[in-house]
Amino acid sequence: MREIIISKNEAGQRADKFLSKYLCLAQKNFIYKMIRKKNITLNDKKMSGNEKLAAGDSVKLFFSEETLSNFTEPEGTRAGNRMPKEQSLNFKRFVIYEDENIILMNKPAGMLSQKAVAGDSSINEYMINYLLESGTMSKSQLSTFRPAVCNRLDRNTSGLIIGGTSLAGLQEMSLALKERTLHKYYLCIVRGIMKQSAEIRGWLVKDEKKNKVKIFPEEQKNASYICTEYLPVASNSRYTLLEVRLVTGKPHQIRAHLSSIGHPIAGDRKYGDEQVNQQMFRNYHLKSQLLHSYRLDFRDYVARQPELKYLEGKIFFAPPDAIFQKILKEEGFDGYLEEQRPAGFHPGGND
């Protein structure tokens, strides 16, 4: 017999769905047969399978260990791609903030947010392995609740990624991003001189085959409305450093939107200026766009679940990587970073 005490991350779901996750190699008709025969009980009583589980509930499986091993995956099978030891030890440096509900990570350029195909490595898998190796989560817990990133960045865009490490955290952050009560700010260096802040609107159409988008000033068939705000921070004779806020959040939005108004991001090989990109490569060996998600602002966020109220009013920062900081310094923009707060979270207030 094996007893499972339902945790807060497993609560709130139907009992049969929980059992399908736990007994992931068993067919549903077998699970329902075991329920009918009282080989699976809930709080020592016969169950139907449609009960909603609560934290602290007891689910008992009256199976032999051999039967259980046949219907459950070996511990750790569902973990993410295992990191090389060196990467595993270094992943902590990407962690900006963590608690029992969320983890904020500073994704480097060149790393996927989530894997596209089975063999990919991504920050999502690295996060899961980090949680396992740090002892924050056990392999058995992973069989019934799987942490996940809540937002995505393009592969060659760096910066803040939110991971939900509890059910409440995953639900809350996903909802806040959807309702736009959590604001995301980016830094980028663009071609040309920009003096005035603005809000730009348009319509975005994505070509799935080419993984590229086009921006139109008027509504198009199968197009998504987009809105982007930008604030010029500093400029020299060739480039402008912008702070950008995503009002909507669509694939490639910032990159394509700025390019559509004649100010492509330096280093962007898909929407950028080839001459600028070549110059940046010669001068700095830059291989990716200078776009970094550097700030998450929770000052408009109102928690739906009381255990997340502590996030209200907070602001989180993540510094750009070394090459971005070098370019900022060489182009005369480093004074801006010196005015910013250090990585981590800070009380709300005037920024």
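The residue numbers shown here count from 1 along each chain, following its written sequence. Per-residue local features are limited, in this predicted model, to residues with pLDDT of at least 70; the limit for side-chain atom pairs, both in listing and counting, is 80 or more; totals at the level of whole chains, interfaces and linings are taken over all residues. Based on all heavy atoms of the structure, the side-chain values leave hydrogens and waters out of the count.

Novice: Outline the overall build of the protein chain, supporting the account with residue identities and numerical values.
Specialist: Under the DSSP-based scheme used, a helix requires at least four consecutive residues in state H or I and a strand at least two consecutive residues in state E, with every element numbered from the N terminus. Along the protein chain, the regular secondary structure elements total 11 helices and 16 strands. Within the protein chain, contacts between residues separated by at least 24 positions form 65% of all contacts whose residues are at least 6 apart in sequence. Areas reported here follow the Shrake-Rupley algorithm with a probe of radius 1.4 Å; residue values treat only the protein chains shown as occluding. Of the roughly 17600 Å² that the protein chain leaves accessible, carbon and sulfur atoms contribute 47%. Between the averaged position of the 53 positive side-chain charges in the protein chain and that of its 41 negative side-chain charges there is a distance of 5 Å. Residue contacts are counted whenever heavy atoms from the two residues lie within 4.5 Å of one another. Residues counted as positive are Lys and Arg, residues counted as negative are Asp and Glu, and His and the chain ends are not counted. Lys charges are placed at NZ, Arg charges at CZ, Asp charges at CG and Glu charges at CD.

Novice: How would you summarise the sheet that holds strand β4 (residues 58-61) if you had to cite specific residues and measurements?
Specialist: The antiparallel open sheet is built from 4 strands, whose spatial order is β1-β4-β2-β3. The sheet terminates laterally at β1 (2-5) and β3 (45-46), the two strands that pair on one side only. What makes two strands pair is DSSP finding at least two bridges between them. In terms of strand pairing, strand β2 (residues 40-42) meets β4 through 3 bridges, oriented antiparallel. Paired with I40 across the strands is L61, a residue of β4.

Novice: How would you explain empty space enclosed by the protein if you had to name every residue and give the values?
Specialist: In this approach, a probe sized like a water molecule rolls over the atoms, and the result shows the empty space that is left. Note on definitions: the grid is 1 Å and covers protein atoms alone; a cavity is a set of points where a 1.4 Å probe fits but cannot get out; a pocket is an open set with protein on both sides within 12 Å along at least five of seven lines; lining residues have an atom within 4 Å of a point. Grid points are joined across faces, edges and corners, and a volume is the space filled by probe spheres set on the points. What the rule picks out here adds up to 1 cavity of 30 Å³ or more. Empty space within the largest cavity amounts to approximately 40 Å³. As for the largest cavity, its lining consists of E172, L175, A176, E179, T181, Y301, V302 and R304. Three classes are used: nonpolar for Ala, Val, Leu, Ile, Met, Phe, Trp, Tyr, Cys and Pro, charged for Asp, Glu, Lys and Arg, and polar for all others, with Gly counted as polar. Of the residues contributing to the lining of the largest cavity, the split by class is 4 nonpolar, 1 polar and 3 charged.

Novice: How would you explain the side chain of S58 if you had to name every residue and give the values?
Specialist: Structurally, S58 can be placed in strand β4. Exposure classes here rest on a 1.4 Å probe applied to the protein chains alone. A residue is buried below 20% of its type maximum, exposed above 50%, and partly exposed in between. On the basis of relative accessibility, which here comes to 9%, the residue S58 falls in the buried class. As used in this structure description, the phrase polar contact means that two N or O atoms lie within 3.5 Å; if the pair is within protein, one of them must be able to donate a hydrogen and the other to accept it, and residues adjacent in sequence are counted only when both atoms belong to side chains. Polar side-chain contacts of S58 include one of 2.6 Å to the side chain of E3. In this structure S58 touches E3, I4, I5, T41, L42 and N43, once residues within four positions along its chain are discounted.

Novice: Pulling in residues and values, what's your account of the layout of surface pockets?
Specialist: By volume, the largest pocket amounts to about 1100 Å³. Lining the largest pocket are 42 residues; nearest its centre among them are R152, L153, D154, P251 and H252. Of all elements in the fold, only α7 (167-179), β9 (183-191), β13 (239-246) and α8 (253-260) reach the threshold of two or more residues within the lining of the largest pocket. Of the residues that constitute the lining of the largest pocket, the class distribution is 13 nonpolar, 14 polar and 15 charged.

Treat this as a map of the structure, not an account of what it does.
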